[in-house]
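Each chain is listed here by its residues.
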Amino acid sequence: MPDGRKYAAICVPYAKRGARRKRGVDSTDEILRQRDFTLEEFKEMEQESLRLLRAYNRREAGLEETLAAVLAYDRLFGKDRDHETWYRRVLADRPWQQCGCPICEAIGIEVVIFRGNNRNRRRGFHNVQVFYEQFRRAVAQASDQVPAQRASTTPE
């Protein structure tokens, strides 16, 4: 955020076979082996999480309903995953609506949904934009604090 607050991305991994385990996130194949449901049921949970996140963005779904669906799906990807505090904060604060950068204005809540490379790139562009604005303000503030130097005159 331009004011320096930082938020976690909401992880909604793809429900597809063949993906490898990455950074402590179990693969779909591992999850299906460990749980008693089908790939179709797994995909339904993924799509319901995304549907509710997008409805929440439009103010058509509540925080608790959205958070419950996202956390139920998220917890399938590892036994130690507990992101409730982080996810609750990002959803409650709605930083994508307060940011004002062109990326957040164009894609809304999608900027905080962690899924694939394109989304990660967009979030990266957002982060660069926010950093640039913070840097620009810091430089302007520093230049306002430096006293103007007198122009030196040399006799001709």
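Residues numbered from 1 in each chain as written. Predicted model: local features only at pLDDT ≥ 70, side-chain atom pairs only at ≥ 80, totals over all residues. Heavy atoms only, no water.

**Q** Which residues make up helix H2 (residues 39–57), and what values do they have?
**A** Taking 1.5 Å per residue as the helical rise, H2 with its 19 residues ought to reach 27 Å, and the 27 Å between its terminal C-alpha atoms agrees with that figure. Of all the residues in H2, the buried ones are Leu39, Phe42, Glu46, Ser49, Leu50, Leu52, Leu53, Ala55 and Tyr56. Positive backbone phi, at 65°, marks Arg59, one or two positions downstream of H2. (Helix = DSSP H or I, 4+ residues; strand = E, 2+ residues; numbered from the N terminus. Expected span 1.5 Å × (residues − 1). Buried < 20%, exposed > 50% of the residue type's maximum accessible area, 1.4 Å probe, protein only.)

**Q** Let's hear about the environment of Phe114: which residues, and what values?
**A** With respect to the helices, strands and loops of the structure, Phe114 is situated in strand E2 (residues 113–114). Judged by relative accessible area, Phe114 falls into the partly exposed class, the value being 29%. Separated by 102 residues in sequence, Phe114 and Val12 have C-alpha atoms that sit 6.1 Å apart.

**Q** Requested: an account of a negative patch on the surface, with residues and values cited.
**A** Where like charges cluster on the molecular surface, the negative patch consists of Asp36, Glu40, Glu41 and Glu44. Mapping Asp36 onto the fold places it in the loop between helix H1 (28–34) and H2. (Patch = residues over 30% accessible without salt bridge, like charges linked within 9 Å, V, L, I, M, F, W, Y side chains within 5 Å. Areas by Shrake-Rupley, 256 points an atom, 1.4 Å probe, with all protein chains shown as cover. Salt bridge = Lys/Arg side-chain N within 4 Å of Asp/Glu carboxyl O. Lys, Arg positive; Asp, Glu negative; His and termini not counted. Charge placed at Lys NZ, Arg CZ, Asp CG, Glu CD.)

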